[in-house]
Amino acid sequence: MNVGERLKMARRMAGLSQRALAERAGVSAMAVSKYERGINVPGSDVLIRLAQALGVKVEYLLRPVTVSLSAPAYRRRSTLRKKDERAILERTRDWLERYLDVESLLGDVPAFTWPDIDRRVAELKEVEQIALRLRQAWNLGLDPIDNLVEILETQGIKVGMVDGVDDFDALTMWANDAIPIIVVKRDVPGDRQRFDLAHELGHLLLDVAHGVDEEKAAYRFAAAFLAPAPVARVELGHHRNTLSLYELHLLKHKYGLSMQAWVYRARDLGIISASTAERLFRKFRREGWHRREPGDQIPSEQPGRMKRLVLRALAEDVISRSRAAELVGMPLHQFCDQEAQQHAGFSPDICR
């Protein structure tokens, strides 16, 4: 790994062209091109200017890459700009390198394996049983899942968040051919985020036969995993002529599954007819609720394992404060401000 490859990654992460980076750093575009191709190596002064222009530390540009990423599979990709796609991938790589780094420092590197269950899907209805089998293998029972991010990370699946990229919902990929990754958009309503996570889990898990629509299988899995069929029938009954909107709102908050997803769930399980579901969907579209559902929203979940590992390493004097800042990807004062804001003024010991 040379500086040029890392420079290209940082530039893509920042969403800059070679010319834009050259202008910011006070060098020529040709020089940037030669640095990235490994023809020339920037001197220390230029390296500092490049790092400042990219908003990274010089150490980042000198750090070897330890993560290889598979081709990503997107929930929604058709309108995603190439520049944004590259930024997402490089931000993912940077976050994952830091995550794996702190794991290795503590010797806490969980191995990932799928449970020994039948994951083959020859027809869509089989997804229901696969969702139940996975819940059983992960000892989740049939109760609502309080924190889906924590469940996934406990099982060895790395969950990352990407800030404000238009036309992006979620993606899955593998790191170093062994670590499953799910990346979702940050700060979306919790019910949408949880569905995206469960949907991407479906893409990772399901072995879909030729001729079966993989997207429909992942959608069905997401709903079945968050609200298993036996539970849905207990909550809604076996046959309904209609569904109360407020009833759907209460179920949304109990299971973290959107009101519209509950309508789909009732239709797919034969609890309501297709015409009843379409009538409800028309009301959602008419009221604008298909974009933002009525009532109070479910807050989004945040990954916590990596943060806890960094705090543990710092408390045990495995790392310094400056190394901790590098691993969390921000100055410690900013990290402390975020934690205090999230936890009503209470923040880690390093902040006091």
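Draft legend 1. Geometry of the overall build of the protein chain. Tallying secondary structure elements over the protein chain gives 17 helices and six strands in all. Relative to the compact-globule value of 20 Å for 352 residues, the protein chain shows a C-alpha radius of gyration of 23 Å, a close match. Considered along the principal axes of its C-alpha atoms, the protein chain spans approximately 75 × 45 × 40 Å. Within the protein chain, buried positions represent 49% of all 352 residues. Split by element, the accessible area of the protein chain, about 17300 Å² in all, is 48% carbon and sulfur.

Draft legend 2. Layout of the sheet that holds strand β5 (residues 179-185). Read from one edge to the other, the open sheet built from four strands follows the order β1-β4-β5-β3, with strand pairing classed as mixed. In the strand order of this sheet, the two ends are held by β1 (73-74) and β3 (158-162), each with one partner. As judged from the two bridges shared by β1 and strand β4 (residues 170-175), these two strands associate in the antiparallel manner. By the bridge assignment for β4, Tyr 74 is matched with Leu 171. In the packing of helix α6 (residues 82-106) onto the sheet, the strands contacted are β1, β3, β4 and β5, and the crossing angle to β3 comes to about 135°.

Draft legend 3. Structural view of the packing of helix α11 (residues 229-236) against helix α13 (residues 259-268). The contact between α11 and α13 brings their axes to 11 Å, and the two run at 100°. If you check the angle between α11 and α13, you find them roughly perpendicular. From α11, Ala 229, Ala 232 and Leu 236 reach across to α13, where they touch Trp 262, Arg 265 and Ala 266. Of the residues contributing to the contact of α11 with α13, the split by class is five nonpolar, no polar and one charged.

Draft legend 4. Up close: the nonpolar core. Judged by nonpolar contacts, the single largest core of 58 residues is most densely connected at Trp 138, Leu 152, Leu 201, Phe 221, Phe 225 and Trp 262. For this core, the element with the highest residue contribution is helix α10 (residues 214-226), accounting for seven residues. Contact partners of Phe 221, with chain neighbours within four places excluded, come to Val 127, Ala 131, Leu 134, Ala 198, Leu 201, Gly 202, Leu 205 and Leu 206.

Draft legend 5. View of the pattern of salt bridges. This model, assessed by the stated rule, comprises 29 salt bridges. Between Glu 128 and Arg 265 there is a salt bridge whose closest N-O contact spans 2.7 Å. In this pair, Glu 128 sits in helix α7 (residues 126-137) while Arg 265 sits in helix α13, placing the two residues 137 residues apart along the sequence. For the pair Glu 128 and Arg 265, one class covers both residues: buried. Salt-bridge contacts for Lys 252 lead to Glu 293; the nearest nitrogen and oxygen are separated by 3.0 Å.

Draft legend 6. Expanded view of the pairing of β3. Of all five residues in β3, five are buried, a share of seventy percent or more. Both faces of β3 are covered, namely the face carrying Lys 158, Gly 160 and Val 162 and the face carrying Val 159 and Met 161. Here five bridges tie β3 to β5, and the two strands are oriented parallel to one another. The partner of Gly 160 across the bridge, within β5, is Val 183.

Draft legend 7. How the structure looks around the packing of α13 against helix α14 (residues 274-287). Close contact between α13 and α14 brings their axes to 9 Å; oriented N to C, the two are set at 170°. Considering their axes alone, α13 and α14 lie roughly antiparallel with respect to each other. Together, Met 259, Gln 260, Val 263, Tyr 264 and Arg 267 of α13 and Ala 274, Ala 277, Leu 280, Phe 281 and Phe 284 of α14 make up the contact between the two elements. Grouping the amino acids of the contact of α13 with α14 by side-chain chemistry returns eight nonpolar, one polar and one charged.

Draft legend 8. Structural detail: the environment of Ser 70. With respect to the secondary-structure elements, Ser 70 resides in the loop between α5 (58-62) and β1. Ser 70 gets classed as partly exposed once you look at its relative accessible area, which sits at 25%. If near-sequence neighbours (up to four positions away) are discounted, Ser 70 is found in contact with Met 173 and Trp 174. Within the structure, Ser 70 has its side chain in polar contact with the backbone nitrogen of Trp 174 (distance 2.8 Å).

Draft legend 9. Quick peek at the packing of aromatic side chains. Summed over the entire model, instances satisfying the criterion amount to nine aromatic pairs. When the centroid spacing of 4.9 Å and the interplanar angle of 80° are considered together, the rings of Phe 112 and Trp 114 count as edge-to-face. Given the relative accessible area of 13%, Phe 112 is considered buried. Here the aromatic residues Phe 112, Trp 114 and Trp 174 are joined through ring pairs into a cluster of three or more. In this arrangement the basic side chain of Arg 6 is found over the ring face of Tyr 60, its NZ or CZ atom lying 4.5 Å from the centre. Between the NZ or CZ atom of Lys 158 and the centre of the ring of Tyr 99, over which it lies, the distance is 5.0 Å.

Draft legend 10. Structural view of the pairing of β4. Most of β4 sits inside the fold, with five of its six residues counted as buried. Hairpin connection, β4 to β5: the antiparallel pair is bridged by three residues, and Asn 176 has positive phi, about 50°.

About the cut-offs
- Residues numbered from 1 in each chain as written.
- Predicted model: local features only at pLDDT ≥ 70, side-chain atom pairs only at ≥ 80, totals over all residues.
- Heavy atoms only, no water.
- Helix = DSSP H or I, 4+ residues; strand = E, 2+ residues; numbered from the N terminus.
- Rg over C-alpha atoms; globule rule 2.2 N^0.38 Å.
- Buried < 20%, exposed > 50% of the residue type's maximum accessible area, 1.4 Å probe, protein only.
- Areas by Shrake-Rupley, 256 points an atom, 1.4 Å probe, with all protein chains shown as cover.
- Pairing = 2+ DSSP bridges.
- Contact = heavy atoms within 4.5 Å.
- Axes fitted to C-alpha atoms, helices over the stretch in contact; angles between N-to-C directions.
- Parallel < 35°, antiparallel > 145°, perpendicular 65-115°, else oblique.
- Nonpolar A, V, L, I, M, F, W, Y, C, P; charged D, E, K, R; others polar.
- Core = buried A, V, L, I, M, F, W, Y, C linked by side-chain atoms within 4.5 Å.
- Salt bridge = Lys/Arg side-chain N within 4 Å of Asp/Glu carboxyl O.
- Polar contact = N/O pair within 3.5 Å; in protein donor to acceptor, adjacent residues only side chain to side chain.
- Phe/Tyr/Trp six-rings, centres within 6.5 Å; stacked < 30°, edge-to-face > 60°.
- Lys NZ or Arg CZ within 6 Å of the ring centre and 35° of its normal.

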